[in-house]
Amino acid sequence: EEAINILKDIVDTEANIDARYILGLLYNDASTINLCKIDDFCVDENESNYKKAYEIFLDLYENDNDPRAAYAIGEYYDNHWVFWPNYKKAFKYYLFAAERGVPEAQYNVANMYEFGDGVKKDLVQSVRWYLQCNISSLCGAGEEGIDDLIEQLSNEEFEYAKSLIDYDIEEIDIRITAARLVVE
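Only a predicted model underlies this, so the values are computations on that prediction, with no experimental measurement involved. (Residues numbered from 1 in each chain as written. Predicted model: local features only at pLDDT ≥ 70, side-chain atom pairs only at ≥ 80, totals over all residues. Heavy atoms only, no water.)

Peer 1: Would you take a moment to explain the side chain of Glu 114 for this structure?
Peer 2: Its location among the elements puts Glu 114 in helix α6 (residues 103-115). The charged side chain of Glu 114 is buried without a salt bridge, its nearest counter-charge being Lys 121 at 7.4 Å. Among the polar contacts made by the side chain of Glu 114, one reaches the side chain of Tyr 130 at a distance of 2.6 Å. With sequence-adjacent residues up to four places away left out, Glu 114 is seen in contact with Lys 121, Leu 123, Ser 126, Tyr 130 and Leu 149. (Helix = DSSP H or I, 4+ residues; strand = E, 2+ residues; numbered from the N terminus. Buried < 20%, exposed > 50% of the residue type's maximum accessible area, 1.4 Å probe, protein only. Lys, Arg positive; Asp, Glu negative; His and termini not counted. Salt bridge = Lys/Arg side-chain N within 4 Å of Asp/Glu carboxyl O. Polar contact = N/O pair within 3.5 Å; in protein donor to acceptor, adjacent residues only side chain to side chain. Contact = heavy atoms within 4.5 Å.)

Peer 1: Could you clarify how one ought to interpret the state of the cysteines in this entry?
Peer 2: What is meant by a disulfide is a covalent connection between two cysteines, made through their sulfur atoms. A full pass over the atoms with the stated rule returns two disulfides. Disulfide pairing places Cys 36 opposite Cys 42 at an S-S distance of 2.0 Å. The sign of the -65° torsion about the S-S bond sets the Cys 36-Cys 42 disulfide as left-handed. The disulfide partner of Cys 133 is Cys 139, and the S-S distance across this bridge is 1.7 Å. Taking the torsion about the S-S bond as the criterion, the Cys 133 to Cys 139 disulfide, at about 60°, is right-handed. Each disulfide in the protein chain links cysteines that, numbered along the sequence, combine into the pattern 1-2, 3-4. (Disulfide = S-S within 2.5 Å.)

What follows is the structure, given as structure tokens:
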């Protein structure tokens, strides 16, 4: 509770983007991390206040271009049990986050291109995003991990996919462990 109060104070006084993002994560995960007895973190004893989390993430995405928030919104539309699946919307938010360095989003974009979920199936783009993700600490399977996809491409297509990789994208951590840096 003390850390949450610190986060709320930081959000109110400093408009700190990281603090707002972490608060969104806490609202999202409240029921699984036993926060339901605190303020409005849950809508009942067992269900997180997903609406409040979504509002925080949407505000961060729309007003601060936060790729972590875009990834979180993508998850709502991709596979969240409270929201109706909308793979086109999920892809839009994942792509925004992927282009800005969220490895989990890069993986999801690659997967969606591979199977045509929310976007036209495109194996060149799929390979490109899997390889982009491989640069990060999350993926790292290398070409061996996607050799079945690479085999389906011509040499020219594979070279093109590799040419699209952006080695200057900085990896963005979406985990809540970043909260330690905000409340210390």
